[in-house]
Amino acid sequence: GEVRRVLCTLDVTEDALHFAAENGFDTVLSHHPLLFRPLGALTPTHHIARKASFALQNGIAVLSYHTRFDTMPGGMNDLLAAVLGVKDAVPFGDGESDTGRVGNLPCETDIYEFCAKIKTVLGSDALLLAKAGNTVRRVAVLGGDGKDFIRGAVDAGADVLVSGRLGYNC
(Lines give C-alpha, C1' and ligand atoms only; values in the text may rest on other atoms or scores of the structure.)
Protein backbone atom coordinates (compact mmCIF):
# COMPACT_ATOMS: atom_id res chain seq x y z
CA GLY A 1 0.00 0.00 0.00
CA GLU A 2 0.79 3.64 -0.14
CA VAL A 3 2.75 5.30 2.68
CA ARG A 4 0.70 8.15 4.14
CA ARG A 5 2.22 9.08 7.51
CA VAL A 6 5.76 8.39 8.72
CA LEU A 7 6.90 8.55 12.34
CA CYS A 8 10.66 9.04 12.80
CA THR A 9 12.33 7.68 15.93
CA LEU A 10 15.76 6.63 17.14
CA ASP A 11 14.51 3.33 18.58
CA VAL A 12 11.40 1.27 17.91
CA THR A 13 10.00 1.38 21.43
CA GLU A 14 6.58 0.23 22.55
CA ASP A 15 5.71 3.88 23.21
CA ALA A 16 6.68 4.83 19.65
CA LEU A 17 4.59 2.01 18.18
CA HIS A 18 1.57 2.89 20.36
CA PHE A 19 1.93 6.55 19.38
CA ALA A 20 2.04 5.54 15.72
CA ALA A 21 -1.08 3.37 16.05
CA GLU A 22 -3.03 6.00 18.02
CA ASN A 23 -2.15 8.80 15.58
CA GLY A 24 -2.62 7.13 12.21
CA PHE A 25 1.01 6.51 11.24
CA ASP A 26 1.40 3.59 8.86
CA THR A 27 5.21 3.61 8.83
CA VAL A 28 7.86 3.93 11.52
CA LEU A 29 11.30 5.01 10.30
CA SER A 30 14.01 4.32 12.87
CA HIS A 31 17.76 4.52 13.12
CA HIS A 32 18.20 1.41 15.29
CA PRO A 33 16.59 -1.77 13.92
CA LEU A 34 13.81 -3.55 15.74
CA LEU A 35 15.13 -6.95 14.66
CA PHE A 36 18.81 -7.87 14.91
CA ARG A 37 18.21 -11.64 14.72
CA PRO A 38 15.38 -13.77 13.33
CA LEU A 39 12.49 -14.32 15.72
CA GLY A 40 11.63 -17.91 16.59
CA ALA A 41 8.04 -17.01 17.43
CA LEU A 42 5.78 -14.01 18.03
CA THR A 43 5.17 -14.51 21.73
CA PRO A 44 3.85 -11.77 24.01
CA THR A 45 6.48 -12.54 26.66
CA HIS A 46 9.45 -11.52 24.51
CA HIS A 47 9.67 -7.71 24.20
CA ILE A 48 10.91 -7.64 20.60
CA ALA A 49 8.38 -10.23 19.42
CA ARG A 50 5.66 -8.27 21.25
CA LYS A 51 6.62 -5.09 19.36
CA ALA A 52 6.79 -6.89 16.01
CA SER A 53 3.39 -8.48 16.63
CA PHE A 54 1.88 -5.10 17.60
CA ALA A 55 3.24 -3.49 14.42
CA LEU A 56 1.81 -6.32 12.29
CA GLN A 57 -1.59 -6.21 13.99
CA ASN A 58 -1.81 -2.45 13.46
CA GLY A 59 -0.59 -2.38 9.87
CA ILE A 60 2.58 -0.47 10.72
CA ALA A 61 5.65 -0.98 8.55
CA VAL A 62 8.99 -0.56 10.32
CA LEU A 63 12.01 0.58 8.30
CA SER A 64 15.44 0.93 9.91
CA TYR A 65 18.49 2.50 8.31
CA HIS A 66 21.27 2.27 10.89
CA THR A 67 23.77 0.40 8.72
CA ARG A 68 22.93 2.40 5.61
CA PHE A 69 23.45 5.69 7.46
CA ASP A 70 26.78 4.40 8.78
CA THR A 71 28.03 3.02 5.47
CA MET A 72 26.99 5.59 2.88
CA PRO A 73 29.55 8.12 1.63
CA GLY A 74 29.45 11.05 4.04
CA GLY A 75 27.63 8.87 6.58
CA MET A 76 28.30 8.31 10.26
CA ASN A 77 31.57 6.41 9.80
CA ASP A 78 32.99 9.12 7.53
CA LEU A 79 31.91 11.75 10.06
CA LEU A 80 33.46 9.78 12.93
CA ALA A 81 36.75 9.43 11.05
CA ALA A 82 36.77 13.15 10.28
CA VAL A 83 36.17 14.34 13.85
CA LEU A 84 38.95 12.02 15.08
CA GLY A 85 41.38 13.55 12.57
CA VAL A 86 41.66 10.44 10.40
CA LYS A 87 42.83 11.42 6.90
CA ASP A 88 42.20 9.68 3.58
CA ALA A 89 39.72 7.24 5.12
CA VAL A 90 38.67 4.35 2.89
CA PRO A 91 36.13 1.57 3.48
CA PHE A 92 37.09 -1.65 5.22
CA GLY A 93 34.89 -4.53 6.24
CA ASP A 94 34.28 -7.96 7.61
CA GLY A 95 34.82 -9.83 4.36
CA GLU A 96 31.18 -9.38 3.29
CA SER A 97 30.58 -5.65 3.58
CA ASP A 98 32.77 -2.56 3.65
CA THR A 99 31.05 -0.79 6.49
CA GLY A 100 33.87 0.83 8.46
CA ARG A 101 36.49 3.39 7.53
CA VAL A 102 40.26 3.21 7.95
CA GLY A 103 42.86 5.91 7.45
CA ASN A 104 45.83 7.63 9.04
CA LEU A 105 46.35 10.26 11.67
CA PRO A 106 48.67 13.09 10.54
CA CYS A 107 51.40 11.68 12.79
CA GLU A 108 52.03 8.82 15.18
CA THR A 109 50.24 9.59 18.45
CA ASP A 110 50.45 8.26 21.98
CA ILE A 111 47.52 5.90 22.55
CA TYR A 112 46.45 7.71 25.74
CA GLU A 113 46.50 11.09 23.98
CA PHE A 114 44.36 9.60 21.23
CA CYS A 115 41.91 8.25 23.82
CA ALA A 116 41.72 11.69 25.43
CA LYS A 117 40.93 13.18 22.02
CA ILE A 118 38.16 10.62 21.45
CA LYS A 119 36.59 11.50 24.81
CA THR A 120 36.81 15.23 24.08
CA VAL A 121 35.45 15.27 20.53
CA LEU A 122 32.66 12.80 21.30
CA GLY A 123 31.76 14.32 24.66
CA SER A 124 32.24 11.00 26.40
CA ASP A 125 32.88 10.64 30.12
CA ALA A 126 34.70 7.33 29.67
CA LEU A 127 35.89 4.78 27.17
CA LEU A 128 37.33 1.29 27.31
CA LEU A 129 40.78 0.61 25.92
CA ALA A 130 42.23 -2.80 25.18
CA LYS A 131 45.80 -1.74 24.47
CA ALA A 132 48.02 -3.66 22.07
CA GLY A 133 50.57 -0.90 21.52
CA ASN A 134 51.71 2.43 22.91
CA THR A 135 51.16 4.52 19.79
CA VAL A 136 48.60 4.79 17.01
CA ARG A 137 48.83 6.03 13.43
CA ARG A 138 46.39 3.93 11.39
CA VAL A 139 42.85 4.16 12.74
CA ALA A 140 39.78 2.08 11.88
CA VAL A 141 36.36 3.41 12.90
CA LEU A 142 32.98 1.73 12.97
CA GLY A 143 30.04 3.31 14.78
CA GLY A 144 27.74 0.90 16.55
CA ASP A 145 28.68 -2.71 17.26
CA GLY A 146 32.06 -3.45 15.70
CA LYS A 147 32.82 -6.91 17.08
CA ASP A 148 32.42 -8.58 13.68
CA PHE A 149 34.89 -6.14 12.12
CA ILE A 150 37.96 -6.67 14.32
CA ARG A 151 39.62 -9.03 11.81
CA GLY A 152 38.85 -6.60 8.97
CA ALA A 153 40.48 -3.75 10.89
CA VAL A 154 43.57 -5.86 11.56
CA ASP A 155 43.71 -6.90 7.89
CA ALA A 156 43.46 -3.20 6.91
CA GLY A 157 46.58 -2.49 8.99
CA ALA A 158 44.81 -0.58 11.76
CA ASP A 159 46.64 0.08 15.02
CA VAL A 160 43.31 0.71 16.74
CA LEU A 161 39.60 0.10 16.13
CA VAL A 162 37.27 2.76 17.49
CA SER A 163 33.74 1.40 17.82
CA GLY A 164 30.61 2.02 19.80
CA ARG A 165 30.59 -1.45 21.25
CA LEU A 166 32.72 -4.57 21.16
CA GLY A 167 31.73 -7.89 22.70
CA TYR A 168 33.47 -9.21 25.78
CA ASN A 169 34.66 -12.45 24.17
CA CYS A 170 35.54 -11.25 20.68
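What comes next concerns the included structure. Here the structure is a predicted model, which means the values were calculated and not measured. (Residues numbered from 1 in each chain as written. Predicted model: local features only at pLDDT ≥ 70, side-chain atom pairs only at ≥ 80, totals over all residues. Heavy atoms only, no water.)

### A look at the pairing of strand β1 (residues 6-9)
Residues in a regular strand project their side chains so that they alternate between the two faces of the sheet. As paired strands, β1 and strand β2 (residues 27-30) are joined by four bridges and run parallel to one another. Bridge pairing in β2 places C8 opposite L29. For the crossover that starts at β1, traverses helix α1 (residues 14-22) and ends in the parallel β2, the hand is right-handed. (Pairing = 2+ DSSP bridges. Helix = DSSP H or I, 4+ residues; strand = E, 2+ residues; numbered from the N terminus. Right-handed = clockwise from strand over helix to strand, strands pointing away.)

### Focus on the sheet that holds strand β7 (residues 160-165)
Sheet architecture is open: four strands sit in the order β4-β5-β6-β7, paired in mixed fashion. Looking at the sheet topology across the chains shown, the edges are occupied by β4 (87-92) and β7. Between one strand axis and the next, the sheet turns through 30° on average, direction left out of account. Relative to the sheet, helix α4 (residues 76-83) contacts β4, β5 (100-110) and β6 (135-145), its axis offset from that of β6 by approximately 145°. Running over the sheet, helix α5 (residues 111-122) touches β5, β6 and β7 and is turned about 125° from β5. (Axes fitted to C-alpha atoms, helices over the stretch in contact; angles between N-to-C directions. Contact = heavy atoms within 4.5 Å.)

### Let's talk about the nonpolar core
Grouped together as the largest cluster of nonpolar side chains are 14 residues, with contacts concentrated most on L84, F114, V136, V139, V141 and V162. Those elements giving two or more residues to this core turn out to be α4, α5, β6 and β7. Broken down by element, the residue count for this core peaks at four residues, all from α5. Every residue in contact with V139, bar those within four places of it in the chain, is listed here: V86, R101, V102, G103, L105, F114, V160 and V162. In this structure, L7, V12, V28 and A55 belong to the second largest nonpolar core, which totals 12 residues. (Core = buried A, V, L, I, M, F, W, Y, C linked by side-chain atoms within 4.5 Å. Buried < 20%, exposed > 50% of the residue type's maximum accessible area, 1.4 Å probe, protein only.)

### A word on the packing of aromatic side chains
In the structure shown here, the tally under the stated rule is one aromatic pair. Directly above the ring of F25 sits R5, whose terminal nitrogen or CZ lies 4.1 Å from the centroid. (Phe/Tyr/Trp six-rings, centres within 6.5 Å; stacked < 30°, edge-to-face > 60°. Lys NZ or Arg CZ within 6 Å of the ring centre and 35° of its normal.)

### Focus: a negative patch on the surface
Together, D94, E96, D98 and D148 make up a region of like negative charge exposed at the surface. When you line up the elements, D98 lands in the loop between β4 and β5. Using a relative accessible area of 48% as the deciding quantity, one classes D98 as partly exposed. (Patch = residues over 30% accessible without salt bridge, like charges linked within 9 Å, V, L, I, M, F, W, Y side chains within 5 Å. Areas by Shrake-Rupley, 256 points an atom, 1.4 Å probe, with all protein chains shown as cover. Salt bridge = Lys/Arg side-chain N within 4 Å of Asp/Glu carboxyl O. Lys, Arg positive; Asp, Glu negative; His and termini not counted. Charge placed at Lys NZ, Arg CZ, Asp CG, Glu CD.)

### Quick word on the pattern of salt bridges
Tallied over the entire structure, the rule returns six salt bridges. Between D145 and R165 there is a salt bridge; the shortest N-O distance is 2.9 Å. With D145 in strand β6 and R165 in strand β7, this residue pair connects regions lying 20 residues apart in the sequence. A relative accessible area of 27% means that D145 is categorised as partly exposed. With relative accessibility at 54%, the residue R165 sits in the exposed group. Salt bridges sharing partners connect three or more residues here, namely D145, K147 and R165.

### What to know about the layout of surface pockets
Of the volumes computed, that of the largest pocket is approximately 980 Å³. Lining the largest pocket are 35 residues, and of these L128, L161, V162, S163 and L166 sit closest to its centre. Secondary structure elements with two or more residues in the lining of the largest pocket: α5, β6, α6 (150-155) and β7. Tallying contributions element by element places β7 first for the lining of the largest pocket, with six residues. Considered class by class, the residues forming the lining of the largest pocket number 22 nonpolar, nine polar and four charged. (1 Å grid on protein atoms, 1.4 Å probe; cavity = no way out; pocket = protein on both sides within 12 Å on 5 of 7 lines; lining within 4 Å. Points joined across faces, edges and corners; volume = space filled by probe spheres on them. Nonpolar A, V, L, I, M, F, W, Y, C, P; charged D, E, K, R; others polar.)

Distances and angles like these do not, on their own, reveal function.
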